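# Notes for the structure review
What follows is the residue order along each chain.
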Amino acid sequence: MRCLLLSLLREAGMLLRRRSRSGPLLLLGVAVCLFYQTLMVARNRLRSGPQPPAAEVRSRRPTEEVMMEETRSFISALETLQREAQVQVQSQSPPRRRRALVLTGQHAVSDTEVQLYQRVLQQLHYQVQMSRYAETSSSLRQNQGVGGWSLCLCLSSAERSCMRRISYSHLQLHQMVNLLPELMEAFSDAGGGLCQFLTRLHLTGSKLPMMPHSCGSTNQRLQVPQEEEGWDSRSPVGALDATVNVYVLVTSVNPLISFLHDIIVVRTNQEQRGRTIKLRDFLLQQLGSNISHDAVMQVKRVTGEVLQAAVSTNQKKENHNRCVLCYQLMTFTLQFSGSITPVVVQVDVDLQFSALSDDTFDGQITKDLILEDTLHFLLSSHTHLSSETRRQYGGCRGSHGVCLSEEEFVLLFQFQQQMETPSPFQLLYPNISSSPSSSSSPLSVSDLLIRISRFYEIRADESEEPTNQESDLSSSQDEDLCVDPHLRQIYTDPPLTLTPPFSPHVKEYRAEVTFDTVTVRIRPEPVSPACQVHLDEHRGPRMANYPVGLGDSRISILVTDDAELEHVALTIYTVHVYRESRPSLPMFGDHVMCSFLQDCGLMVQPGHPCGLQPFSQSQSSLHTCSSGHQPGRWVVPCLSCSDNRTCDWREVAWQPDGCYHPLVERPLLQDCMAGRKVLFIGDSTNRGMMYFLMERVNSSLEDWGKAHDLLVYRDLNSGRTQVSYSYYPQFWLEKKLRPTFRQALLQLIHRSRPLVNSNMTVLVVGGVQWLNSDHLRTVREVLDRESLSDVLVVVKSLGMGFHLPVDGIRSLALREIQQLYRENSDIISTAKHHGYEVIDTFSITMGRYKEFLQGRCACHFHEVEKIESSILSENTTSSTNRTRSTKTAAELSSQSAMLDMDQEMWPKALSYHVRGPVNQVYSEILLSRLCPKTGN
């Protein structure tokens, strides 16, 4: 038998004269030869009949030991070659960046899968170019599917485009695509779910551990297979009854190379929905330590047999110029039915997580995890070998030499690096127990793959440690420690486009959503499973549904180690979400007036019109409204009442039927409020009216807080007006500790004294949804008892809120909101019976329920912001004042001009401003009822 050693030495000597870094290449050549010789000798010894005497055997080194030593030399040479190639790449100036094409298909740029590819590829020093389809990619279109790119990723919905455009037979050896045409074809549906490769092999499926019709749509649900003759059931275990999704990475078809990810999705007969878990952990829980190892081997055997049968249909085909580095991620659905040997019941040529569909995020989170693991596994170990190196060690020299084509050399080189790369992937095929080829033929690349696999297996056994391919099968001790307190990704529904794009080391982000986006569900995912994530506070939820108010909202994400006694935030991320105002078309040319009372998205009054309706009303018939609860509607100018996108929503105004609420100018308001005391009792919506009144009366708002107790302001209106406030109900206290409404009202009255029994004392009572007719009767009883029966009482009725499904607080169904409308009518009737004024805030908020501001209840139509007064007059006048109660819609501009003059009187120091057009409308109605004569 000839060896390549002498020829390799001669070539290496010539190479030494040409290159200064030929040492690793020479070492590799020697190692290949010695490796081959050792394997051939060992194989011949095993095949020979008589064995040498025992003394001679003892005098020789064990064959396995020699094989290990030479294999170690061979792998060491490959590792040295890899290091040399990396040094050459790093020495380039400027550094050479490989180019990756990501074909997104129907995926939006904001999808976490797209963001993941972009982030990870950039971390791996790839230049990323994105396009929707192969036909629209300039790189693929100009080069007929080949070119200067190194990696092409075809996301779901772009696969067919890639298969049509990319010419696999012309790809260069360093190019990689995430599709394997052979697998796409083999597992395609030949009809009724019958796999294409089964029809070619003329099989019914009974000779393979799989159901015949396993390639149909995943929507066709799986039937539990019956045991058939020829399927190795081995050690039946009645307790094991489960459907398991395993995720397979195939990196080569001929020879077959595949890996199994350690994460599975499992659903047992006791579980309605699937869950993610590690394969070894699940089988250990179900079967115990003695049998679980055999069950893992059965999973590998069954999956490997089906894969081998599928690719065997292509093995007789010519594979010249094939894609050496292409790969495919697949999903095998296995059924355990009282046995440790599963049966394949479904095969998908992509990643499927339908068992997790009950949760919006679980499927995407698991998918992203596997995709990220795949990229690191394939690309971190990917070393670009020059064509010169491939030519030197490709080819077949000598009749008994190791024949390695350039493709096989690259494949072998990459496989060795993958086996050495720590990852959650374990080797599935080739099987290390496979038999080598006969001695009459040279070692094939498949034999070399098996030998490399055995080397790492034996090395792991000697060190009594799991191989890097199996290290993730068992729970790691590090999983109990929060070693990396960062986020891997922030998942949202709907997907948010974060600025800057998400990176674990960037702590602050901004995102914008449209007006119609009223809630965002968010679930941050930590890098380390031992780290915990809490939203907003140290004990906040891991996942939450957030209401997104108009303008800015802030979401805080705390990464903590809950194993510590004190839950300290190790890392804090912040997401600022800006929700756009209602789309508005500036008014120009001819327009019509339209009106609406309720939105068609929330039919509070069934049987009544919703949305925009034509509106016309004679201004001459208007008079001053005699009450604050006069029925009305919102009026807005539009080009057409059939399309709300043609409206100028900056000019929307509340128009009572047949009357108007006069706007009280500030000088008249200050005179009217002189000597008066205004007492507010209620929740934050009532507090919003109070702060609006204080700002209007005092020319500015110098003091503000989200008070949940009792406050008294004595220096308003140059000391001539006093305002006091009591928060009710104090829902955060235990029921037995909460003050009753009677107690809270009495305390407010006592803290506000002295009080006069006339309309110089005003009591404003109300809230979003807690008020009922019994509270008004209590008001009457308390005022009579306190000799205050003649004070002016204003009832703020109910309002929209709690209509969104927000985690942690109650949420009202449509039926309950309709009932709330009826209760509001009862409150108005009871208030009129007692002679109280009423501001009907429910009718005003009903049609604009989407225009809430910050707050989880989605019931706040006001917001107090800290701002410099000079900036306020410039930036907020138009958006604030054009929604004030006006005589007619045509007078909106003149009213705004008058209030612009008021703004100029404000001081230049920092102060607060109450913003919110809806709150502004019913607060101005309150002022008009407090000062009706001055309004005339």
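Before going into details, it helps to say that this report is about the structure given with it.

How each quantity is defined
Residues numbered from 1 in each chain as written. Predicted model: local features only at pLDDT ≥ 70, side-chain atom pairs only at ≥ 80, totals over all residues. Heavy atoms only, no water. Helix = DSSP H or I, 4+ residues; strand = E, 2+ residues; numbered from the N terminus. Buried < 20%, exposed > 50% of the residue type's maximum accessible area, 1.4 Å probe, protein only. Contact = heavy atoms within 4.5 Å. Areas by Shrake-Rupley, 256 points an atom, 1.4 Å probe, with all protein chains shown as cover. Disulfide = S-S within 2.5 Å. Axes fitted to C-alpha atoms, helices over the stretch in contact; angles between N-to-C directions. Parallel < 35°, antiparallel > 145°, perpendicular 65-115°, else oblique. Left-handed = near helix turned anticlockwise from the far one by under 90°. Nonpolar A, V, L, I, M, F, W, Y, C, P; charged D, E, K, R; others polar. Expected span 1.5 Å × (residues − 1). Phe/Tyr/Trp six-rings, centres within 6.5 Å; stacked < 30°, edge-to-face > 60°. Lys NZ or Arg CZ within 6 Å of the ring centre and 35° of its normal. Pairing = 2+ DSSP bridges. Right-handed = clockwise from strand over helix to strand, strands pointing away. Salt bridge = Lys/Arg side-chain N within 4 Å of Asp/Glu carboxyl O. Core = buried A, V, L, I, M, F, W, Y, C linked by side-chain atoms within 4.5 Å.

## Concerning the overall build of the protein
Within the protein one finds 26 helices and 31 strands. Within the protein, the fraction of its 936 residues that count as buried is 54%. Within the protein, counting contacts between residues at least 6 apart in sequence, those at least 24 apart form 73% of the total. When the accessible surface of the protein is summed, it comes to about 41000 Å², and 50% of that surface belongs to carbon and sulfur atoms.

## A word on the state of the cysteines
Under the counting rule described, the total for this entry stands at 10 disulfides. Each sulfur in the disulfide pair C323 and C326 lies 1.7 Å from the other. In this structure, the disulfide formed by C323 and C326 twists by about 80 degrees around the S-S bond and is classed as right-handed. For C323, a relative accessible area of 11% puts it in the buried group. For C326, a relative accessible area of 0% corresponds to the buried category. Residue pairing for C857: its cysteine sulfur links by disulfide to C859, the two sulfurs lying 2.1 Å apart. Residues C857 and C859 are joined by a disulfide whose S-S torsion is about -75 degrees; by sign, that bridge is left-handed. Like C857, the residue C859 is buried in the burial classification.

## Some points on the packing of helix α5 (residues 112–123) against helix α12 (residues 362–379)
Two elements in contact, α5 and α12, have axes whose closest approach is 10 Å; the angle formed by their N-to-C orientations is 25 degrees. The orientation of α5 with respect to α12, classified from their angle, is roughly parallel. In this structure, α5 meets α12 at a crossing whose hand is right-handed. For the pair α5 and α12, the contacting residues are T112, E113, L116, Y117, R119, V120, L121 and Q123 in the first and Q364, K367, D368, L371, E372, L375, H376 and L379 in the second. Here the contact of α5 with α12 is built from residues that sort into seven nonpolar, four polar and five charged.

## Overview of the packing of helix α16 (residues 666–673) against helix α17 (residues 684–698)
At their nearest, the axes of α16 and α17 sit 8 Å apart, and the two run at 110 degrees to each other. By the angle between their axes, α16 is roughly perpendicular relative to α17. The segment α16 lies against α17, with R666, L669, Q670 and M673 engaging L693, E695, R696 and V697. Of the residues in the contact of α16 with α17, the class split is four nonpolar, one polar and three charged.

## Comments concerning the environment of P541
Mapped onto the elements, P541 comes out in the loop between β14 (532–535) and β15 (544–547). Residue P541 is classed as partly exposed on the basis of its relative accessible area of 40%. Sequence separation between P541 and R523 is 18 residues; the distance between their C-alpha atoms is 9.4 Å.

## Some details on α5
Taking 1.5 Å of rise per residue, 12 residues should cover 16 Å, and α5 covers 16 Å from first to last C-alpha, within 8% of that figure. Summarising burial for α5: nine of the 12 residues are buried, a large majority. Residues of α5 that are buried include every one of T112, E113, V114, Q115, L116, Y117, R119, V120 and L121, and no others. Against the buried residues of α5 lie β1 (98–103), β2 (126–131), β3 (151–154), α12 and β11 (487–493). Backbone geometry just after α5 places H125 at a positive phi near 70 degrees.

## Let's talk about the packing of aromatic side chains
The final tally for this structure, using the stated rule, is 18 aromatic pairs. Relative to F332, the ring of F187 has its centre 6.1 Å away and its plane inclined at 80 degrees; by these criteria the two rings are edge-to-face. In this pair, F187 is assigned in the loop between α8 (181–186) and α9 (196–200) and F332 in strand β8 (residues 328–337), connecting sequence segments 145 residues apart. Judged by relative accessible area, which is 5%, F187 ranks as buried. When the ring of Y821 is compared with that of F842, the centres are 5.8 Å apart and the planes differ by 50 degrees; the resulting orientation is tilted. Here the residue Y821 occupies a position in helix α20 (residues 814–833), and F842 occupies one in helix α21 (residues 841–846), the gap between them amounting to 21 residues. For Y821, a relative accessible area of 22% corresponds to the partly exposed category. Classification of F842 by relative accessible area gives buried; the value is 0%. Its guanidinium or amino end placed over the ring of Y922, K796 lies 6.0 Å from that ring's centre, counting from NZ or CZ.

## Digging into the sheet that holds strand β16 (residues 551–560)
Pairing is mixed across the open sheet formed by four strands, whose spatial order is β12-β17-β16-β14. Edge positions in the sheet fall to β12 (508–513) and β14, since each of these pairs with one other strand and no more. Neighbour-to-neighbour, the strand axes of the sheet open up by a mean angle of 25 degrees, direction not taken into account.

## Brief notes about the sheet that holds strand β27 (residues 761–766)
Strand order in the open sheet formed by six strands is β25-β26-β24-β27-β28-β29, with mixed pairing between adjacent strands. Only two strands of the sheet have a single neighbouring strand rather than two, namely β25 (710–716) and β29 (837–839). Strand-to-strand twist in this sheet, taken as the mean axis angle between neighbours without regard to direction, amounts to 15 degrees. Set on the sheet, α17 makes contact with β24 (677–682), β25, β26 (721–727), β27 and β28 (792–796); between it and β26 the angle comes to about 165 degrees.

## Some remarks on the pairing of β2
Bridge count between β1 and β2: six bridges; the pairing is parallel. Considered in β2, the bridge of L103 is made with S131. In this fold, the crossover linking β1 to β2 by way of α5 has right-handed handedness.

## Observations regarding the pattern of salt bridges
Summed over the entire model, instances satisfying the criterion amount to 28 salt bridges. Of the charged contacts in the structure, one is a salt bridge between E525 and R542, with a shortest N-O distance of 3.2 Å. With E525 in strand β13 (residues 519–526) and R542 in the loop between β14 and β15, this pair connects stretches of sequence that are 17 residues apart. By relative accessible area, which is 12% here, E525 ends up buried. With a relative accessible area of 41%, R542 lands in the partly exposed category. Members of the salt-bridge network, linked through shared partners, are R273, D362, R523, E525 and R542.

## Structural notes on the nonpolar core
Judged by nonpolar contacts, the single largest core of 94 residues is most densely connected at F680 and V795. Once residues lying within four places of it in the same chain are set aside, the contact partners of F680 are N686, M689, M690, L693, V723, S724, Y725, S726, L748, V764 and L926.

## Some thoughts on helix α19 (residues 773–785)
Relative to the 18 Å expected for 13 residues at 1.5 Å per residue, α19 spans 19 Å between its end C-alpha atoms, a close match to the ideal helical length. Along α19, the residues classified as buried are S773, H775, L776, T778, V779, R780, V782 and L783. Packing partners of the buried residues in α19 comprise α18 (741–752), β27, β28 and α20. Backbone geometry just downstream of α19 places S787 in the positive-phi region, at approximately 60 degrees.

## Some details on the environment of S789
Position of S789 among the secondary structure elements: in the loop between α19 and β28. The contact partners of S789, leaving out residues within four places of it in the chain, are N757, R780, L783 and D784.

## Details of the pairing of β27
Consecutive residues of a regular strand have side chains that alternate between opposite faces of the sheet. Among the six residues that make up β27, six are buried, leaving the element largely enclosed by the rest of the structure. The pairing of β24 with β27 spans six bridges and is classified as parallel. Note on β27: the bridge partner recorded for K677 is T761. Between β27 and its parallel partner β28, the chain crosses via α19, and the hand of that crossover is right-handed.

## Focus: unusual backbone geometry
Cis geometry is adopted by the peptide bond preceding P430, which originates at Y429 and carries an omega value of 15 degrees. Residue placement: P430 occurs in the loop between β10 (425–429) and α15 (445–463). Residues D493 and P494 are joined by a peptide bond in cis, for which omega reads 5 degrees. You will see that S157, though not glycine, has its phi angle at about 80 degrees, which is positive. Counting through the fold element by element, S157 comes out in the loop between β3 and α7 (159–165). Residue S787 is not a glycine yet carries a positive backbone phi of 60 degrees. Here S787 falls in the exposed class, since its relative accessible area comes to 52%.

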